[in-house]
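# Summary of the model geometry
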Amino acid sequence: MTMKASARKSYGEYKPVIIHDPDGVRRRTEIVGKRDKYRPIVAETVFYSGPSEEIDWSRGVTFVNRDDAIKYAERLIKQRLARRKAFRDKAAQK
């Protein structure tokens, strides 16, 4: 699977994006550094039928320059490929 670094403009800032399988049929994008926090809701009564959790949305990592966002995504791709190679090498040694 190949990955390509890119950036997407959002509210005047750039978000780093990784495009998985850019030339294939299974193309998908991933916004880098996006973290959502989930908080469980504790029901005060037995008759509570609302949602079981609340979500705090976050914008993730943003940059002023497009080039900086692309460099960040490229650095993350290199880290992931290095981790994947180390995992495969370790599995091959067993």
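Attention here is on the structure that accompanies the text.

Definitions and cut-offs
- Residues numbered from 1 in each chain as written.
- Predicted model: local features only at pLDDT ≥ 70, side-chain atom pairs only at ≥ 80, totals over all residues.
- Heavy atoms only, no water.
- Salt bridge = Lys/Arg side-chain N within 4 Å of Asp/Glu carboxyl O.
- Helix = DSSP H or I, 4+ residues; strand = E, 2+ residues; numbered from the N terminus.
- Buried < 20%, exposed > 50% of the residue type's maximum accessible area, 1.4 Å probe, protein only.

A few words now on the pattern of salt bridges. All told, the structure shown has two salt bridges when counted by the stated rule. Arg80 serves as the salt-bridge partner of Glu30, at 2.8 Å between the closest nitrogen and oxygen. Of the two residues, Glu30 sits in strand β3 (residues 28-31) while Arg80 sits in helix α1 (residues 66-93), which places them 50 residues apart along the sequence. Overall, the relative accessible area of 24% leaves Arg80 in the partly exposed class. Salt-bridge contacts for Lys85 lead to Asp89; the nearest nitrogen and oxygen are separated by 3.1 Å. In this pair, Lys85 and Asp89 are both assigned in helix α1, four residues apart and thus about one turn of the helix distant. For Lys85, a relative accessible area of 54% translates into the label exposed.

It is worth stressing that arrangement in space is one thing and function is another; only the former is reported here.
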